[in-house]
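Residues per chain, in single letters:
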Amino acid sequence: MKYAVIYVSDTGNTKELAENIFVSLPGNDKVIADARKMTELPEAELYFIGFPVKNRTCGIEIMNVLEELDGANIALFASCGLPANDKYKQYIENIIRPWINDDCRCLGFYLCQGKASEKFREWLEAETNYSSDELDRIVEMASEHPNDDDIDKLYGFVDSVIG
Ligand SMILES: Cc1cc2nc3c(=O)[nH]c(=O)nc-3n(C[C@H](O)[C@H](O)[C@H](O)COP(=O)(O)O)c2cc1C
């Protein structure tokens, strides 16, 4: 089976997930590409599409990739700054799903926190009502991710998707 891992990453968290997915995929028939640098979408039977959650969505580059995919098998993965609980994961998934064409199959969505940047903190201050203490807690909690447990769960996700 041919696999393609396509991702966007500003500060490296999603890139780390993408690289771990790539190495855990069996065989040699696989490619990994930064969506911002790739010139054309590689052919594959299963696409892992990854992004940092920004402004509660996936960003224009990934929307373009998703719109280009017809009849494809897709697995989504992302890193985020806010705690990646089931409710938040479902919320983000519901926002991304409409960008996936109806004739594609979405095989799952993996989400974990990623180390927070100064820009994320500024975004939180501007866009949310968290108190300064809560902001500190979120940023501190995020700073430990992706951790070994996240990567183990990511491998489990890959296994469940490839069957
Ligand atoms: C401008 C900006 C907006 C962000 N918006 C969100 C958001 O809506 N929800 C969230 O959970 N995290 C948000 N984040 C945090 C990023 O998703 C998180 O830091 C992510 O791990 C970055 O991934 P990367 O290192 O691959 O770029 C935002 C970060 C920035 C800089």
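Scroll up for the structure.
Here goes a summary of the coordinates provided. (Residues numbered from 1 in each chain as written. Predicted model: local features only at pLDDT ≥ 70, side-chain atom pairs only at ≥ 80, totals over all residues.)

## Remarks on the overall build of the protein chain
Within the protein chain, the regular secondary structure consists of six helices and five strands. A compact globule built from 163 residues should have a C-alpha radius of gyration of about 15 Å, and the protein chain, at 16 Å, falls within 12% of that. Summarising its shape, the C-alpha atoms of the protein chain cover approximately 50 × 30 × 30 Å along the three principal directions. Per-residue burial over the protein chain gives 34% buried out of 163 residues. Of the contacts made within the protein chain by residues no fewer than 6 positions apart, 81% connect residues no fewer than 24 positions apart. (Helix = DSSP H or I, 4+ residues; strand = E, 2+ residues; numbered from the N terminus. Rg over C-alpha atoms; globule rule 2.2 N^0.38 Å. Buried ≥ 20, exposed ≤ 12 C-beta atoms within 10 Å, placed from the backbone. Contact = placed C-beta atoms within 7 Å.)

## As for the site of the ligand
Taken together, 22 residues form the shell around the ligand, and within it Thr14, Pro52, Cys80, Gly81 and Gly114 come nearest. Within the residue set of the shell around the ligand, elements represented by two or more residues are α1 (13-24), β4 (73-80) and α4 (118-127). Residues that form the shell around the ligand fall into these classes: seven nonpolar, 10 polar and five charged. (Near = placed C-beta within 6 Å. Nonpolar A, V, L, I, M, F, W, Y, C, P; charged D, E, K, R; others polar.)

## A word on the environment of Asp159
Within the secondary structure layout, Asp159 lies in helix α6 (residues 148-162). Taking the C-alpha atoms as reference points, Asp159 and Ile21, separated by 138 residues in sequence, lie 9.9 Å from one another.

## Topic: the environment of Val65
Turning to its location among the elements, Val65 is positioned in helix α2 (residues 60-68). A sequence separation of 62 residues divides Val65 from Tyr3, and the C-alpha atoms of the two residues are 15 Å apart. Contact partners of Val65, with chain neighbours within four places excluded, come to Ile6, Ala35, Leu41 and Ile49.

## Considering the pairing of strand β3 (residues 46-52)
Where burial is concerned, most of β3 is hidden: six out of the seven residues are buried. Sheet topology places strand β1 (residues 3-7) next to β3; five bridges connect them, and they run parallel. Looking at β3, one finds that Ala4 is bridged to Tyr47. Pairing of β3 with β4 involves seven bridges; the strand directions are parallel. Each residue of the ladder has a partner; that of Gly50, found in β4, is Phe77. For the segment spanning β3, α2 and β4, crossover handedness is right-handed. (Pairing = 2+ DSSP bridges. Right-handed = clockwise from strand over helix to strand, strands pointing away.)

## Description of unusual backbone geometry
Of note, the amide linkage connecting His145 to Pro146 takes the cis form, showing an omega dihedral of -5°. Secondary-structure assignment places Pro146 in the loop between α5 (132-142) and α6. In this structure, Asn55 takes a positive phi of about 50° despite not being glycine. Within the fold, Asn55 resides in the loop between β3 and α2. On the basis of neighbour counts, which here come to 8 C-beta atoms within 10 Å, the residue Asn55 falls in the exposed class. In this model, Arg56 sits at a positive phi of 60°, which is unusual for a non-glycine residue. Positionally, Arg56 belongs in the loop between β3 and α2.

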